[in-house]
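Listed here are the chains, written in short residue letters.
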Amino acid sequence: MPRPSIPRIPYTDKLPYPRVFPNSCKTMHGAIPALQEFFKSSHPAVVLSGAGISVASGLKDYRGPEGTYRLNKAFRPIYYGEFIVSHEARKRHWARSFFGWSTVQKAKPNVGHLAVKHLGELGFVQSVITQNVDSLHSEAHPELPTVELHGYLRSCVCLSCNEELSRDTFQSELVRLNPAWGALLESLVASGALNTEDPEEKRAKGVRVNPDGDFDFPDAPYTTFRYPPCPRCLAEPPLMADGSRATVEVDEDGAWKPTSTAGVLKPAVIMFGENIQTSIKIAAEQAIDNAESLLILGTSLATYSAFRLAKRAKNRGIPIAIINLGGVRGEVSFFADMDPSLGGSQGLRANLPIKKLLPTVVEQLRQS
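Conventions used here
- Residues numbered from 1 in each chain as written.
- Predicted model: local features only at pLDDT ≥ 70, side-chain atom pairs only at ≥ 80, totals over all residues.
- Heavy atoms only, no water.
- Buried < 20%, exposed > 50% of the residue type's maximum accessible area, 1.4 Å probe, protein only.
- Helix = DSSP H or I, 4+ residues; strand = E, 2+ residues; numbered from the N terminus.
- Pairing = 2+ DSSP bridges.
- Salt bridge = Lys/Arg side-chain N within 4 Å of Asp/Glu carboxyl O.
- Patch = residues over 30% accessible without salt bridge, like charges linked within 9 Å, V, L, I, M, F, W, Y side chains within 5 Å.
- Areas by Shrake-Rupley, 256 points an atom, 1.4 Å probe, with all protein chains shown as cover.
- Contact = heavy atoms within 4.5 Å.
- 1 Å grid on protein atoms, 1.4 Å probe; cavity = no way out; pocket = protein on both sides within 12 Å on 5 of 7 lines; lining within 4 Å.
- Points joined across faces, edges and corners; volume = space filled by probe spheres on them.
- Nonpolar A, V, L, I, M, F, W, Y, C, P; charged D, E, K, R; others polar.
- Phe/Tyr/Trp six-rings, centres within 6.5 Å; stacked < 30°, edge-to-face > 60°.
- Lys NZ or Arg CZ within 6 Å of the ring centre and 35° of its normal.

K.L.:
Report on the pairing of strand 4 (residues 151-158), specifying residues and quantitative values.
P.N.:
Across the eight residues that make up strand 4, a large majority, seven, are buried. Where strand 4 lies against strand 8 (residues 265-269), four bridges are found, and the strand directions are antiparallel. Bridge assignment links V157 to a residue of strand 8, and that residue is K266. Here strand 4 pairs with strand 5 (residues 164-166) via three bridges, running antiparallel. By the bridge assignment, C156 is partnered in strand 5 with L165. Taken together, strand 4 and the strand that follows it, strand 5, pair antiparallel across an intervening segment of five residues, in which N162 is found at a positive phi of about 70 degrees.

Here is the structure:
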């Protein structure tokens, strides 16, 4: 079988330094009234968020100042093409995710997520598009429509029948099938390696933490890891494309066997190299088209799925505000035709922390 093609990960090097716009947004003191003016001049807005908004919840990002591509140059995520064809690749993925799930599971919405919720309540935000797979937006503001552009970690989905299984249930099966790994997980929890937010302390304890619940243990015996099949396919193997019945086989403990032809579970996220569902693309485009402005939070727009939405908003001529620490793909083009001496009504770019700027703006909007 030919090896699957490996797509290039976009923008792993540092992006150009942000060009703040307007000039007043260089400081928190100036950015606060500019962002208030942005909201008051053109609302309701749609929010487009990335991993940067969840950093304050204890989760890693990819391209921020402390992002994985900055601190761990050797990091390479698993690709969709590898996952669907390779039993060994799946063992490696699920072993690393086995440890990382506890970090994702305990993460809670932070003040940035809650500020988005309050902006919705005040009528300044009408919907959210998020690249994040941590479900923190949905938890913070379930009443505010949210498009999860890249899926979600809270479930697994079967590649054969599309049935979903909760990640908690799947995790319990991983514990049962891998008792030695479960003991290692308990020891890591006891040592505090999974609780500390200090990357140096994590490395000292033998782990590397990456985004989306990925924990890297150098020299870990990933080949010994086992994972369960889709329960539905195990009970009733699906039909193949040629009309024959698929086979789903398990070992004596119930772990999926590579002699199977169906029943593989994957995380319900869009992996690198995987296409976003058409219905999700359409929902995201409609959210852009129905909004009066676009607020971009905590993303470098490195992935084209997000960048094209920002371009769509720019092409519509609606105001765009970007709050992100570090550079953003193509950001100069969003503000090139605007007067930097004006306020925030036509858009803004701030290189400031979301967790400080956004809650303050919400509070002042409430008072006004």
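Following the structure, the description resumes.
K.L.:
Go over the pattern of salt bridges with me, naming the residues and quoting the values.
P.N.:
A side chain with one charge can pair with a side chain of the opposite charge if their charged atoms come near. Per the counting criterion, the structure on display carries 14 salt bridges. Between R176 and E173 there is a salt bridge whose closest N-O contact spans 3.0 Å. A residue pair is termed a helical-turn pair when its members lie 3 or 4 positions apart in one helix, as R176 and E173 do in helix 7 (residues 167-177) at three residues. A relative accessible area of 44% places R176 in the partly exposed class. Here the salt bridges do not stand alone but share partners, grouping R226, D251 and D253 into one network.

K.L.:
Tell me about the environment of E88, and please be specific about residues and values.
P.N.:
Mapped onto the elements, E88 comes out in helix 4 (residues 87-106). When its relative accessible area of 41% is taken as the criterion, E88 is described as partly exposed. Residues E88 and P258, spaced 170 residues apart in sequence, show a C-alpha to C-alpha distance of 9.6 Å.

K.L.:
Requested: an account of a nonpolar patch on the surface, with residues and values cited.
P.N.:
Where nonpolar side chains cluster on the molecular surface, the patch consists of I84, V85 and L159 and spans about 210 Å² of accessible area. For V85, a relative accessible area of 43% translates into the label partly exposed.

K.L.:
Lay out the side chain of S135 in plain terms, naming residues and giving numbers.
P.N.:
Within the element layout of this structure, S135 appears in the loop between strand 2 (125-130) and helix 6 (136-140). Setting aside its immediate chain neighbours within four residues, S135 contacts E148, Y152 and R154.

K.L.:
I'd like a description of the layout of surface pockets, backed by residues and values.
P.N.:
Considered as a void within the structure, the second largest pocket measures approximately 390 Å³ in volume. Forming the boundary of the second largest pocket are 22 residues, of which V157, E164, A268, I270 and Q277 lie nearest the centre. Mapped onto the lining of the second largest pocket, the elements with two or more residues apiece are strand 3 (146-148), strand 4 and strand 8. Of all the elements, strand 4 adds the most residues to the lining of the second largest pocket, at four residues. For the lining of the second largest pocket, the class distribution of residues is 12 nonpolar, six polar and four charged.

K.L.:
Summarise unusual backbone geometry; cite the residues concerned and give the values.
P.N.:
For the peptide bond that leads from F21 to P22, omega is -15 degrees, which places it in the cis range. With an omega of 10 degrees, the peptide bond between H43 and P44 qualifies as cis. Structurally, the position occupied by P44 is in the loop between helix 1 (28-41) and strand 1 (45-49). For S135, which is not glycine, the phi dihedral falls at a positive 65 degrees. Classification of S135 as buried rests on a relative accessible area of 14%. Although it is not a glycine, N162 adopts a positive phi angle of roughly 70 degrees. Tracing the chain through its elements places N162 in the loop between strand 4 and strand 5.

K.L.:
Which residues make up the packing of aromatic side chains, and what values do they have?
P.N.:
Under the definition given, this model contains 14 aromatic pairs. The interplanar angle of 50 degrees and the centroid separation of 5.9 Å between the aromatic rings of F39 and F124 together place this pair among those described as tilted. Of this pair, F39 sits in helix 1 while F124 sits in the loop between helix 5 (111-121) and strand 2, and the two are 85 residues apart along the sequence. This pair shows no difference in class: F39 is buried, exactly as F124 is. Between W181 and F225, the ring centres sit 5.2 Å apart and the planes meet at 85 degrees, which makes this aromatic pair edge-to-face. Within this pair, whereas W181 is found in helix 8 (residues 179-191), its partner F225 is found in the loop between strand 7 (214-216) and helix 10 (231-235), the two being separated by 44 residues in sequence. Its relative accessible area of 1% is what places F225 among the buried residues. Sitting over the face of the ring of W256, R90 holds its NZ or CZ atom 5.0 Å from the ring centroid. Directly above the aromatic system of Y152 lies the positively charged group of R154, at a separation of 3.9 Å from the ring centroid.

What is shown is where atoms sit, not what they do.
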